[in-house]
Amino acid sequence: MSAAQTSLNMKVGTKLSLKITVSPAGADPNVTCSSSNPAVATVDPATGQVTALKTGSVRITVKSNLNPAASYMFLVMINA
């Protein structure tokens, strides 16, 4: 699992869809996303759309549904 970025900047009230590449070819593409602090930013578990709610930082974790050990983490900084 990989992505072009490991850290992202957002403004309060904005939304952003995470872009994840699942590898190797043929691997199950189904993932689940979670937020370390839903008061700061929420993430749709299935689609990976992040919604910035207030200033702060949050870790968004993306895990493979078949192999939870396969994961990727984004650090999201949210500014006013």
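Residues numbered from 1 in each chain as written. Predicted model: local features only at pLDDT ≥ 70, side-chain atom pairs only at ≥ 80, totals over all residues. Heavy atoms only, no water.

A.B. asks: An account of the sheet that holds strand 2 (residues 15-17) is needed here, citing residue identities and associated values.
C.D. replies: Taken in spatial order, the three strands of this open sheet run 2-5-4, and their pairing is antiparallel. Sheet topology places strand 2 and strand 4 (41-43) at the edges, where each strand pairs with a single neighbour. Going across the sheet, the axis of each strand differs from the next one's by a mean of 20°, ignoring polarity. In terms of strand pairing, strand 4 meets strand 5 (residues 49-52) through three bridges, oriented antiparallel. Bridging from a neighbouring strand, threonine 42 pairs with threonine 51 of strand 5. (Pairing = 2+ DSSP bridges. Helix = DSSP H or I, 4+ residues; strand = E, 2+ residues; numbered from the N terminus. Axes fitted to C-alpha atoms, helices over the stretch in contact; angles between N-to-C directions.)

A.B. asks: How would you summarise the side chain of serine 35 if you had to cite specific residues and measurements?
C.D. replies: By the element assignment, serine 35 lies in strand 3 (residues 31-35). The exposure class of serine 35 is buried, given its relative accessible area of 18%. There is a polar contact of 3.2 Å between the side chain of serine 35 and the backbone nitrogen of asparagine 37. In this structure the side chain of serine 35 is engaged in a polar contact, spanning 2.7 Å, whose partner is the backbone oxygen of alanine 41. With sequence-adjacent residues up to four places away left out, serine 35 is seen in contact with Ala41, Val43, Val58, Arg59 and Ile60. (Buried < 20%, exposed > 50% of the residue type's maximum accessible area, 1.4 Å probe, protein only. Polar contact = N/O pair within 3.5 Å; in protein donor to acceptor, adjacent residues only side chain to side chain. Contact = heavy atoms within 4.5 Å.)

A.B. asks: Which residues make up the environment of valine 76, and what values do they have?
C.D. replies: By secondary structure assignment, the location of valine 76 is in strand 7 (residues 71-79). The spacing of valine 76 and alanine 52 is 24 residues in sequence and 9.0 Å in space, taken between C-alpha atoms. Those residues in contact with valine 76, other than ones at most four positions away along the chain, are Leu8, Met10, Gly56, Ser57, Val58 and Ile60.

A.B. asks: Outline the nonpolar core, listing residues and values.
C.D. replies: Ranked by internal contacts, the top residues of the largest apolar core, which has 17 residues, are Leu18, Val50, Val58, Ile60, Phe74, Val76 and Ile78. Those elements that place two or more of their residues in this core are strand 1 (7-11), strand 3, strand 4, strand 5, strand 6 (56-64) and strand 7. Tallying contributions element by element places strand 7 first for this core, with four residues. (Core = buried A, V, L, I, M, F, W, Y, C linked by side-chain atoms within 4.5 Å.)

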